[in-house]
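# Structural overview
Below, each chain spelled out in residue letters.
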Amino acid sequence: MSGPYRDSSESLLLPQADTATGGNDTPAKAPSFTFLFILLTNQELCGILATIVEQSCNGRKGSKVKTKANTKKKLLIAAGVVVVALAAALIFISNYLVNYAIGRSGNGGDREVALEVDAPADSVEAVMEDNRAAYKSKIDTFTMEHPGRDVTLTADDGLTLHGVYYANAETADTHRWALVLHGYRGDYTGALQLAAPYYEAGYQVIAPDLRACGESEGDYVGMGWLDREDILRWIDFILADDPQAKIVIHGISMGAATTMMTAGESTPDNVKAFVEDCGYTSVWDIFSSELQLRFGLPEFPILYTASGVARLRAGYSFTEASALVQVAHCEKPMLFIHGTADDFIPYEMMDTLYNAKPGDNKAELTAEGAGHSEAMYALGDSYWDTVFDFIAPYMA
């Protein structure tokens, strides 16, 4: 190599030590401007440096874009996890609510809350206490003297339904029949306070166990909606025994809702009248109220998803199970009864239902100070006087 620098053909041009010596033989350094000049005038080097700078800039930009994309991806994943967790929790709670409220083994009947209502006067309490004791004595005597006969039928969905038939041989030629229906999570014994007075009045009486209650099969309580079709089968059962039967259907609480829901169906002419005692407007309305009272929860979104779960598991939704809608289709006579101190099904529901019923073949009976299912205890003899006076013209 002849000069102080390497040839460009050998490698990148870099400053080297000068071989010329000064007075003290110390190697001289290449001037800095020479190095800069070479950097600026060498096309290959400039191209490489430009490429390095460009890649560096692009790297920083790409890093920012990649970081932003990764952050967005993480946020989406986190949001997805939250949504899935919430959906899973909602499904779990909805399943729990369905089992609790209508599952056969649920404990929705264990109620420790109440709507705010005016307490009955002491005089009303005393009357109800006396009449409750009198009813108990009457029912005990009735069941001892008339044990009834177990009967069964097959529902449209194949379930075996059980009931007790109280045959009244002495008055069979009157062809008067009463279907008496118990309340929520009860069994036929919960309707014996209805069965005994009808029997004494000369009626043949059938007290069914509603589905998933008592000895009837079923995994889910029908809340009146599924039961309405079962009651149509009980009507067929009666007509098979007595084609001339004249039938009244009388229910309490859920049995009253069943009565009203049945009333909205097409029933044979043999069905003459309906009596509902403290029934609810709809399953949705009563569950919405109880959801707030028992758990302090609003109806959205839990009741909506629970209704869908009920549709899948029990065969009906809470929205479709409406006594109010069914009553609007009822053209036959109906008597509405309710206590003003009902802390479960609001007294105001009676007026709503009464106003929805078309025609003038309807009446209301208010029991002042009576709680849920207590109208007959508060009213005493006037309860049954009103019932029989109302249905008499249609049962003749």
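Residues numbered from 1 in each chain as written. Predicted model: local features only at pLDDT ≥ 70, side-chain atom pairs only at ≥ 80, totals over all residues. Heavy atoms only, no water.

## A few points about the packing of aromatic side chains
Two descriptors summarise a pair of aromatic rings, namely the distance from one centre to the other and the angle between the planes of the rings. To keep things clear, this is the line we draw: Here a pair means two rings of Phe, Tyr or Trp (six-membered ring of Trp) with centres within 6.5 Å. Their orientation is stacked below 30 degrees between planes, edge-to-face above 60, and tilted elsewhere. Segments assigned H or I by DSSP are reported as helices when at least four residues long, segments assigned E as strands when at least two residues long, and all are numbered from the N terminus. Each residue's exposure class comes from its accessible area (1.4 Å probe, protein chains only) as a fraction of the maximum for that residue type: buried when under 20%, exposed when over 50%, partly exposed otherwise. Note on geometry: a ring has a charge over it if NZ (lysine) or CZ (arginine) is within 6 Å of the ring centre and within 35 degrees of the ring normal.
Under the counting rule described, the total for this entry stands at 18 aromatic pairs. Ring geometry for Phe142 and Tyr166: centres 5.0 Å apart, planes at 45°, overall tilted. Pair noted here: Phe142 is in helix H3 (residues 122-145) and Tyr166 is in strand E2 (residues 160-166), with a separation of 24 residues, a long-range link. On the basis of relative accessible area, Phe142 is assigned to the buried category, the value being 4%. Relative accessible area serves as the criterion here: at 2%, Tyr166 is assigned to the buried category. With centroids separated by 5.5 Å and ring planes inclined at 80°, the aromatic side chains of Tyr198 and Phe388 adopt a geometry described as edge-to-face. In this pair, Tyr198 sits in helix H4 (residues 192-200) while Phe388 sits in helix H12 (residues 381-395), placing the two residues 190 residues apart along the sequence. By relative accessible area, Phe388 is classed as partly exposed at 21%. Among the aromatic residues, those joined into a ring-pair cluster are Tyr198, Tyr203, Tyr383, Trp384 and Phe388. Above the ring of Tyr135, the side-chain terminus of Lys138 is found at 5.7 Å from the ring centroid. Over the ring of Tyr354 we find Lys362, and its NZ or CZ is 4.4 Å from the ring centre.

## With respect to the sheet that holds strand E6 (residues 271-277)
Worth spelling out the cut-off: Pairing between strands is defined by DSSP: at least two bridges between the two strands are required. Only the stretch in contact is used when a helix axis is fitted, and all axes are lines through C-alpha atoms; the angle between N-to-C directions ranges over 0 to 180 degrees.
Strand order in the open sheet formed by 8 strands is E1-E2-E4-E3-E5-E6-E7-E8, and the pairing between neighbours is mixed. With partners counted over all chains shown, the strands left at the sheet margins are strand E1 (149-154) and strand E8 (362-367), one partner each. Taken pair by pair, the neighbouring strands of this sheet meet at an average axis angle of 20°, ignoring direction. Across 3 bridges, strand E3 (residues 176-181) lies against strand E4 (residues 204-208) in parallel orientation. From the neighbouring strand, Leu179 faces E4, where its bridge partner is Ile206.

## Re the nonpolar core
Let me state the cut-off plainly: Only buried residues count toward a nonpolar core. Its members are Ala, Val, Leu, Ile, Met, Phe, Trp, Tyr and Cys residues joined through side-chain atoms within 4.5 Å.
Ile102, Tyr280 and Phe318 are the most contacted members of the largest nonpolar core, which totals 62 residues. Sorting elements by how many residues they give to this core places helix H5 (residues 225-241) first, with 8 residues. Judged by nonpolar contacts, the second largest core, of 39 residues, contains Tyr135, Val275, Ala367 and Ala378.

## Brief notes about unusual backbone geometry
For the bond from Phe300 to Pro301, the omega torsion is 5°, close enough to zero to count as cis. Note that Pro301 resides in the loop between helix H7 (283-295) and helix H8 (302-313). Unlike most non-glycine residues, Ser253 shows phi in positive territory, near 55°. Take Ser253: it is sitting in the loop between strand E5 (246-252) and helix H6 (254-263). Although it is not a glycine, Cys278 sits at a positive phi angle of roughly 60°. Among the structural elements, Cys278 can be located in the loop between E6 and H7.

Read these as geometric descriptors, not functional statements.
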